Amino acid sequence: MFSGFQTSAGGTCVKLFFQSWVLDTPIKYFFGLLGVFILPLVNEYLVVFREDTRMHYIKTKVSRCAWTKPGRKLVLTLLYMGQMTLAYLAMLVVMVYDSFLFLALIAGFGVAFACFKSDRSLGLKSTAMMRATWRFDESDFLTVLSVEGMMCMQNCGSTVQSALEQVDGVKHVYVGFSEKCAYVSGSAPTEALVAAVEAIGFDARVLRRPRAESNGATAYGSNSHLA
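Predicted, not measured: the structure shown is a model, and the values here were computed from it.

Brief notes about the packing of aromatic side chains
Thought 1: Here the structure, examined in full by the defined rule, presents four aromatic pairs.
Thought 2: Judged by centre distance (5.5 Å) and plane angle (75 degrees), the ring pair of F30 and F31 falls under edge-to-face.
Thought 3: In this structure F30 comes out as partly exposed when scored by relative accessible area, which is 48%.
Thought 4: Residue classification places F31 among the exposed residues on the basis of a relative accessible area of 53%.
Thought 5: A ring pair is formed by Y174 and Y183, whose centres lie 6.0 Å apart and whose planes are at 35 degrees; its orientation type is tilted. Of the two residues examined, Y174 and Y183, each falls in the buried class.

As for the UniProt feature "transmembrane region" (unreviewed entry) in the chain
Thought 1: UniProt annotation of "transmembrane region" (unreviewed entry) refers to residues 29–49, 74–94 and 100–116 when read in the numbering used here.
Thought 2: This span, residues 29–49, is 100% helix and 0% strand, and a straight line between its end C-alpha atoms measures 30 Å.

Examining unusual backbone geometry
Thought 1: A positive phi angle is found at Y97, which is not glycine, with a value near 60 degrees.
Thought 2: Take Y97: it is sitting in the loop between α2 (69–95) and α3 (99–123).

Remarks on the pattern of salt bridges
Side-chain pairing between opposite charges can occur once the charged atoms of the two side chains come close.
Thought 1: Counted by the stated rule, this structure contains one salt bridge.
Thought 2: The salt bridge partner of R209 is E191, with a shortest N-O separation of 3.2 Å. Taken together, the residues R209 in the loop between β6 (203–208) and α7 (211–214) and E191 in helix α6 (residues 190–199) connect sequence positions 18 residues apart.
Thought 3: Of the residues examined, R209 reaches a relative accessible area of 33% and is grouped as partly exposed.
Thought 4: Judged by relative accessible area, E191 falls into the partly exposed class, the value being 49%.

A closer look at a nonpolar patch on the surface
Thought 1: On the surface, I27, F30, F31, L34, I38 and V42 cluster together into a nonpolar patch covering about 570 Å² of accessible area.
Thought 2: Secondary-structure assignment places L34 in helix α1 (residues 26–61).
Thought 3: The exposure class assigned to L34 is partly exposed, which follows from its relative accessible area of 38%.

Parameters and conventions
- Residues numbered from 1 in each chain as written.
- Predicted model: local features only at pLDDT ≥ 70, side-chain atom pairs only at ≥ 80, totals over all residues.
- Heavy atoms only, no water.
- Phe/Tyr/Trp six-rings, centres within 6.5 Å; stacked < 30°, edge-to-face > 60°.
- Buried < 20%, exposed > 50% of the residue type's maximum accessible area, 1.4 Å probe, protein only.
- UniProt positions renumbered as here; feature names shortened; annotations may be inferred.
- Helix = DSSP H or I, 4+ residues; strand = E, 2+ residues; numbered from the N terminus.
- Salt bridge = Lys/Arg side-chain N within 4 Å of Asp/Glu carboxyl O.
- Patch = residues over 30% accessible without salt bridge, like charges linked within 9 Å, V, L, I, M, F, W, Y side chains within 5 Å.
- Areas by Shrake-Rupley, 256 points an atom, 1.4 Å probe, with all protein chains shown as cover.

Take a look at the structure:
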């Protein structure tokens with residue numbers, strides 16, 4: 001029967017991850033604590049490194065980087081697999097139900113956030129959470145893309161926004177995560193916007209073209225749809 005979190009201070013031998021990894025001495029237990037503390041640091045570093053790698057692919061695409069689209073997706077997939085492996089190992093640490101190991105894990109996540117995430121979170125402009133009213137004022141130059149594959153706004157959504165902002169001719173970009181859409185104004189060709197999104201591993205589909213490109217096609221939706 002589950003008896004809650006315990007510590008090895010009472011003589012309990014903790015098995016960490018594998019049957020042979022028994023923390024049955026103070027030295028082993030110390031290194032176990034150290035390893036558990038480092039685990040979330042590496043995990044959060046991989047998260048940041050994966051997003052930075054995406055941005056690197058955006059910049060090198062202009063210079064005809066040798067990486068193909070499948071190659072880029074493979075690299076990002078491997079990084080994601082590594083990140084998820086570490087995340088599941090962290091879950092296994094919790095399931096050991098050792099108090100000090102659990103505290104070391106939580107402390108590691110706290111330090112990891114302070115090192116890799118806090119500056120980025122504080123650096124987000126508050127206007128990113130506001131309604132992009134320019135979508136209505138500049139509707140003649142508005143392109144709307146459906147973006148598939150975004151898992152969150154802070155990482156995926158901001159990556160898509162950064163990719164679109166680097167396309168020549170783009171004036172404004174707003175990514176609506178709940179709508180899975182990207183709204184772009186400016187003179188950039190729609191094909192260039194789609195290519196920029198696909199270059200970072202997401203699928204893009206054109207929902208609305210600027211009036212100059214539509215050639216008399218039926219306008220996309222209404223202002224209420226763009227809210």
